[in-house]
Amino acid sequence: MKTFKKVLWVLAILLVLLIVGTAFFFNSLKPNYSGEQALEGLHGDVTVYYDSFGIPHIYAEQEEDAFRALGYVHAQDRLWQMELLRRVAIGRLSEVFGSDLVETDKFFLSLGIDENTKEAVKNLDANSPTAKLSNAYLEGINAFIEAGPKPVEFYLTGLELKPFTIEDVYNAVGYMAFSFAQAHKTDPLLTDIQNDFGSEYLADLTISSDTSTVWIKNFKNIGGDSVSLDLMSAVSRALKKLPIPQFEGSNSWVLGPDKTKSGKVILANDPHIGFAQPSVWYEAHINTPTYEKYGYHLAGVPFPLLGHDRNVAYGLTMFQNDDLDFYVEEANVSDSTLYKTETGWEKYKIVNKTIPVKDGDPISFSYKKTRHGPVLNGIAKQITGDKPIAMSWMYTKWDNQVLDALYGISHATNLNEFQGALPKIHAPGLNVMYGDAQGNVGWWAAAQLYQMPDSVSTKFFLDGTTGNQEPIRFLDFSENPSAINPPWNYVYSANNQPDSIAGMLYPGYYLPENRARRIVDLLEPKNDWDKESVSEMILDVTSSVNPELVRELIKLLDISHLNQEQLVLVDRLTNWDGSYPLDSQSAVLYHRCEYYILKNTFEDELGPEKFTQFLSTHLMKRQIAWGAIMKVGKWWDNIGTPNYKETRNDMVLKSFADAWGSLQKDLGSDTNEWTWDKVHTLEHKHPIGEVESLRKYFNIGPFPVEGSREVINNLTFPYDSTGYYKVSSGPSTRRIIDFSDIENSISILPTGQSGNPLSEHYDDQAEMFINGQFRKMMMNTTEIQESAKSLLVFKPKNK
């Protein structure tokens with residue numbers, strides 16, 4: 001008996017030690033927000049005050065020291081995110097996640113981002129401020145890798161930590177650039193429609209923006225092959241598996257002094273990016289005698305893409321210009337190493353790559369390149385057509401000075417310096433928004449634009465053999481759309497069509513007018529805006545377009561065939577104001593009907609796979625309002641019923657019946673339960689959270705959430721047959737910069753500042769974000785010091 005008790009005591013002690021040891025181990029993986037840390041390369045002490053939301057306020061005497069500390073603190077909160085982001089462009093995700101990501105790695109390697117990076121680094125002046133500050137930042141990251149605790153994701157994946165280099169910075173920016181592109185979603189589909197159905201079907205699509213919709217105004221102050229669907233499917237599959245978010249769209253508006261109560265500029269910005277955990281932006285405030293900036297950083301990128309100080313504020317939205325084209329090449333039938341050009345046959349360049357694969361052998365592959373770019377045939381197994389399809393992308397065609405541009409805009413002290421940095425942004429296309437303490441407001445479409453021959457549409461596959469469908473000139477930056485201090489006293493962007501550029505409308509994949517129209521409708525009549533009213537506007541969940549669409553289509557319903565419950569909801573829908581609160585029944589019925597109108601109109605011609613691809617395009621979003629008011633059109637007829645020609649009326653009646661039946665099946669027969677909170681939810685997913693047993697430890701949510709697609713509070717979702725609207729992208733931050741009270745400007749992140757699941761700042765902003773709350777972006781030194789939650793001091797390692 002005594003022996004048995006001793007055994008029990010030993011087991012109990014071992015269990016306690018195991019629990020204590022496990023707790024101690026996990027506690028050791030938390031970010032360190034206080035104390036002292038030696039850091040090699042510093043010229044003096046750097047003091048980091050962490051506020052109550054874990055945002056670092058970095059004080060240093062020298063700018064390089066501040067960036068070195070920034071790299072360290074950024075890494076200790078976001079190293080896993082940095083690791084994934086640097087791997088995308090160089091095809092190294094399979095090394096982390098296994099063979100399931102091989103197709104994705106092949107695709108991104110074929111883009112040539114890594115080759116463009118090598119060239120950019122070779123041309124970078126090592127003594128330039130861009131290079132010096134970038135290297136200081138990287139030294140900080142690598143110091144954390146050497147001395148800090150390894151994040152838990154590295155233990156779970158078995159991934160080895162390796163130093164970061166300047167190439168990683170460029171590769172991260174390269175991935176961001178491609179994630180803006182839309183041509184790969186749209187051009188193959190339109191080419192298939194052209195080949196399969198002809199011009200009559202194309203005429204009934206909003207391939208170009210409708211001239212009756214709201215466009216961004218300029219103001220110059222002078223004072224056919226089946227391979228296309230295969231390609232589309234291959235690219236979609238590759239992007240779908242990415243473990244990091246993609247950039248989608250954005251809102252921003254900047255109000256001049258004559259539009260605000262205080263007579264000072266106010267800037268609002270909420271870039272729309274795919275939701276994920278951790279969230280995209282890392283906030284940091286740097287203060288040195290020569291430089292101050294409150295900025296928003298991408299993982300592994302030293303310079304903030306969004307930022308402000310006491311003199312200048314700036315934000316970004318996506319331009320959505322067309323900077324990616326597909327060319328159909330002609331292979332030599334007797335010599336597979338040659339392809340045709342207008343001057344004769346040229347040799348393909350052969351590129352060889354190797355992909356390391358977790359728990360498997362490395363995979364070697366090769367692909368061909370023409371003068372236009374990589375030939376996508378053979379890169380993905382879905383692309384099986386005979387004709388070589390080459391992809392021409394502006395990002396890899398031009399000298400890459402994007403990092404210099406980011407340095408320039410983040411260090412500009414006035415409008416002229418800021419504008420001077422923008423021509424260095426060749427891709428991705430960005431709407432750059434600006435405001436300053438002197439009362440200036442500005443908007444520039446920053447991209448290297450080019451002009452095609454008049455008869456050529458870049459929305460379709462181009463002929464790569466004749467030389468007749470090549471750019472005829474590249475536009476000077478002065479010809480890009482812009483507005484500086486326009487007489488209407490504000491600038492804005494909602495990814496909609498800009499007005500004419502250099503006497504032409506530049507092609508792009510612009511979003512419909514919905515958000516733009518609402519922004520203009522709210523801004524125009526009011527001249528006493530303040531921080532509070534702008535913060536209400538950035539949370540607006542009302543569509544100006546959807547109620548008009550409802551009133552147009554609801555007239556087609558035969559109410560004599562509706563039951564009492566249907567009559568009640570149709571009456572509510574008739575009087576709907578287009579808003580999306582959680583208790584809205586009209587929002588639920590509207591979107592279910594809209595989906596079935598799209599399905600019943602397009603799926604019979606396109607088929608299930610192409611229809612699914614259509615739903616992922618901006619073309620579909622533009623088509624909804626424009627197409628629904630088209631009384632006669634080719635798409636209304638169901639080609640599966642050859643003995644009967646359907647009309648718009650038929651499609652509307654069938655779609656309402658389908659929507660009603662599916663809602664009863666999904667949400668029950670009690671229509672009082674058909675509310676927006678039941679179907680519209682947001683969950684922030686971590687790559688490790690894809691493992692069901694780990695989901696609750698890494699993912700945040702799901703939450704029922706107000707808003708919808710293409711309202712100002714743009715919480716968008718993909719349409720599919722489920723009828724549930726899981727939010728996929730939306731505001732990656734909401735920022736409001738008020739130059740009348742710069743130290744009390746406000747912001748919010750979707751989840752939290754830290755990407756470390758063990759940090760208290762992993763999800764401490766998640767519910768605030770859902771509830772439409774904000775927090776202060778602190779800049780007052782005394783307030784920062786007195787309210788700091790913790791203090792971390794970096795000491796020179798050699799002193």
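Just so you know, these numbers come straight off a predicted model, no measurement behind them.

Notes on the overall build of the protein chain
In step 1: Along its length, the protein chain carries 25 helices and 30 strands.
In step 2: For the protein chain, the residues scored as buried account for 61% of the 799 residues in total.
In step 3: Looking at the protein chain as shown, the accessible area adds up to about 30,800 Å², and 51% of this sits on carbon and sulfur atoms.

Thoughts on the sheet that holds strand S24 (residues 700–704)
In step 1: Strand order in the open sheet made by the three strands is S24-S23-S25, with mixed pairing throughout. Both edges of this open sheet fall to S24 and strand S25 (725–726), since each of them pairs with a single strand only.
In step 2: Note that strand S23 (residues 680–684) and S25 share two bridges and pair parallel. Bridging from a neighbouring strand, Thr 681 pairs with Lys 726 of S25.

Remarks on the packing of aromatic side chains
In step 1: Tallied over the full model, the rule gives 46 aromatic pairs.
In step 2: The interplanar angle of 85° and the centroid separation of 4.8 Å between the aromatic rings of Tyr 201 and Trp 635 together place this pair among those described as edge-to-face.
In step 3: Connected via pairs of aromatic rings, a cluster forms that spans Trp 576, Tyr 580, Tyr 590, Tyr 595, Tyr 596, Phe 611, Trp 676, Phe 717, Tyr 719 and Tyr 725.
In step 4: Above the plane of the ring of Tyr 509 lies Lys 459, whose end atom (NZ or CZ) is 5.1 Å from the centre.
In step 5: Above the face of the Phe 53 ring, Arg 775 is positioned so that its terminal group lies 5.8 Å from the ring centre.

Let's talk about unusual backbone geometry
In step 1: At the junction of Ala 427 and Pro 428, the peptide bond is cis and its omega measures out at 5° in the coordinates.
In step 2: Along the chain, Pro 428 turns up in the loop between helix H14 (415–421) and strand S16 (430–436).
In step 3: Cis geometry is found at the peptide bond from Gly 701 to Pro 702, where omega equals 10°.
In step 4: Here Pro 702 shows up in strand S24.
In step 5: With phi around 70°, Gln 320 is a residue other than glycine that occupies positive phi space.
In step 6: The topology assignment puts Gln 320 in the loop between strand S9 (312–318) and strand S10 (324–328).
In step 7: On the accessibility criterion, Gln 320 (4% relative accessible area) is buried.

With respect to the packing of helix H6 (residues 129–147) against helix H13 (residues 402–411)
In step 1: One can describe the packing of H6 onto H13 by two numbers: an axis separation of 9 Å at closest approach and a directional angle of 90°. Classified by the angle between their axes, H6 and H13 sit roughly perpendicular to one another. Residues Pro 129, Thr 130, Leu 133 and Ser 134 of H6 touch H13, and the partners they reach there are Leu 403, Asp 404, Tyr 407 and His 411.

With respect to the sheet that holds S9
In step 1: Ordered by their spatial adjacency, eleven strands build an open sheet running S1-S30-S2-S3-S6-S7-S8-S9-S16-S17-S21, and the pairing between neighbours is mixed. The sheet terminates laterally at strand S1 (35–39) and strand S21 (482–484), the two strands that pair on one side only. If you compare each strand with its neighbour and ignore which way they point, the axes differ by 20° on average.
In step 2: Strand direction decides the pairing type here: strand S2 (residues 46–50) and strand S30 (residues 790–796), joined by five bridges, are antiparallel. Looking at S30, one finds that Val 48 is bridged to Leu 792.
In step 3: With respect to the sheet, helix H2 (residues 63–88) is in contact with S1, S2, strand S3 (56–59), strand S6 (282–287), strand S7 (292–297) and S30, its orientation differing from that of S6 by roughly 160°.

Notes on the environment of Gly 112
In step 1: With respect to the element layout, Gly 112 can be found in the loop between helix H4 (102–111) and helix H5 (113–123).
In step 2: Overall, Gly 112 belongs to the buried group, its relative accessible area being 9%.
In step 3: Distance in space between the C-alpha atoms of Gly 112 and Ile 90 is 8.7 Å, their sequence separation being 22 residues.

Describing the pattern of salt bridges
Note on pairing: side chains with opposite charge can pair once their charged atoms come close.
In step 1: All told, the structure shown has 37 salt bridges when counted by the stated rule.
In step 2: Each of Glu 83, Arg 86, Arg 87, Arg 92, Glu 95 and Asp 168 takes part in a single network of salt bridges with overlapping partners.

Some words on the nonpolar core
In step 1: By size, the foremost hydrophobic cluster in this structure holds 160 residues, and its most contacted members are Ile 58, Leu 79, Ile 141, Trp 281, Phe 418 and Phe 794.
In step 2: At 13 residues, the largest contribution of residues to this core is made by H2.
In step 3: Once you skip the residues sitting within four places of it in the chain, Leu 79 turns out to touch His 74, Ile 141, Phe 144, Ile 145, Pro 151, Phe 154, Leu 161 and Phe 164.
In step 4: Judged by nonpolar contacts, the second largest core, of 53 residues, contains Leu 573, Tyr 596, Ala 659 and Leu 667.

Quick notes on helix H20 (residues 618–628)
Along an α-helix, residues three or four positions apart point the same way, because every turn accommodates 3.6 residues.
In step 1: Taken across its eleven residues, H20 has nine buried, putting it largely inside the fold.
In step 2: Residues His 618, Leu 619, Met 620, Lys 621, Arg 622, Gln 623, Ile 624, Gly 627 and Ala 628 constitute the buried set of H20.

Brief notes about the environment of Ala 788
In step 1: Mapped onto the secondary structure, Ala 788 falls in the loop between helix H25 (781–787) and S30.
In step 2: Aside from chain neighbours lying at most four places away, what touches Ala 788 is Tyr 49 and Tyr 50.

Here we look at the confidence of the model for the protein chain
In step 1: Summary statistics for the protein chain give a mean pLDDT of 90 and a share of 90% for residues scoring 70 or more.
In step 2: Segment residues 17–25: pLDDT under 50, and one contact once partners within four positions in sequence are set aside and those in other chains are kept.
In step 3: For residues 222–227, every residue scores under 50 in pLDDT, and the model assigns this stretch 15 contacts once sequence neighbours within four places are set aside.

Quick look at the side chain of Glu 283
In step 1: Along the chain, Glu 283 turns up in strand S6.
In step 2: On the accessibility criterion, Glu 283 (0% relative accessible area) is buried.
In step 3: A polar contact is formed between the side chain of Glu 283 and the side chain of Tyr 294, at a distance of 2.5 Å.
In step 4: Leaving out residues up to four positions away in the same chain, Glu 283 has contacts with Ile 55, Pro 56, Tyr 294, Gly 295, Tyr 296, Ser 747, Leu 749, Gln 753, Arg 775 and Met 777.

Observations concerning H6
In step 1: Over its 19 residues, H6 extends 27 Å from the first C-alpha to the last, a length consistent with the 27 Å expected when each residue adds 1.5 Å.
In step 2: Of all the residues in H6, the buried ones are Thr 130, Ala 131, Leu 133, Ser 134, Ala 136, Tyr 137, Leu 138, Gly 140, Ile 141, Ala 143, Phe 144 and Ile 145.
In step 3: Where the residues of H6 are buried, they touch S1, H2, helix H8 (166–179) and H13.

Description of the pairing of S10
Consecutive side chains of a regular strand alternate in pointing toward one face of the sheet and then the other.
In step 1: Of all five residues in S10, five are buried; the element is thus mostly enclosed.
In step 2: Residues of S10 alternate between two faces, with Leu 324, Phe 326 and Val 328 on one and Asp 325 and Tyr 327 on the opposite face, all of them buried.
In step 3: Looking at chain direction, S10 and strand S15 (residues 389–393) are connected through five bridges and run antiparallel. For Leu 324, the partnering residue across the bridge sits in S15 and is Trp 393.
In step 4: As judged from the two bridges shared by S10 and strand S19 (residues 462–463), these two strands associate in the parallel manner. Its bridge partner lying in S19, Val 328 is registered against Asp 463.

Some thoughts on the pairing of S23
In step 1: The element S23 is extensively covered by neighbouring structure, given that four of its five residues are classed as buried.
In step 2: Pairing of S23 with S24, which is carried by three bridges, proceeds in the antiparallel orientation. By the bridge assignment for S24, Thr 681 is matched with Pro 704.

Points about the packing of H2 against H8
In step 1: Two elements in contact, H2 and H8, have axes separated by 7 Å at closest approach and are oriented at 75°. Judged by the inter-axis angle, H2 sits roughly perpendicular to H8. Taken together, the residues of H8 that come into contact with H2 (itself represented by Leu 85, Arg 86 and Val 88) are Asp 168, Asn 171, Ala 172 and Tyr 175.
In step 2: Classifying every residue of the contact of H2 with H8 by side-chain character gives four nonpolar, one polar and two charged.

Some details on the environment of Ser 669
In step 1: If you trace the backbone, Ser 669 turns up in the loop between helix H21 (648–667) and helix H22 (676–679).
In step 2: The spacing of Ser 669 and Glu 565 is 104 residues in sequence and 9.8 Å in space, taken between C-alpha atoms.
In step 3: With sequence-adjacent residues up to four places away left out, Ser 669 is seen in contact with Glu 565 and Gln 664.

Scoring rules and cut-offs
- Residues numbered from 1 in each chain as written.
- Predicted model: local features only at pLDDT ≥ 70, side-chain atom pairs only at ≥ 80, totals over all residues.
- Heavy atoms only, no water.
- Helix = DSSP H or I, 4+ residues; strand = E, 2+ residues; numbered from the N terminus.
- Buried < 20%, exposed > 50% of the residue type's maximum accessible area, 1.4 Å probe, protein only.
- Areas by Shrake-Rupley, 256 points an atom, 1.4 Å probe, with all protein chains shown as cover.
- Pairing = 2+ DSSP bridges.
- Phe/Tyr/Trp six-rings, centres within 6.5 Å; stacked < 30°, edge-to-face > 60°.
- Lys NZ or Arg CZ within 6 Å of the ring centre and 35° of its normal.
- Axes fitted to C-alpha atoms, helices over the stretch in contact; angles between N-to-C directions.
- Parallel < 35°, antiparallel > 145°, perpendicular 65-115°, else oblique.
- Contact = heavy atoms within 4.5 Å.
- Salt bridge = Lys/Arg side-chain N within 4 Å of Asp/Glu carboxyl O.
- Core = buried A, V, L, I, M, F, W, Y, C linked by side-chain atoms within 4.5 Å.
- pLDDT = per-residue confidence, 0-100.
- Polar contact = N/O pair within 3.5 Å; in protein donor to acceptor, adjacent residues only side chain to side chain.
- Expected span 1.5 Å × (residues − 1).
- Nonpolar A, V, L, I, M, F, W, Y, C, P; charged D, E, K, R; others polar.

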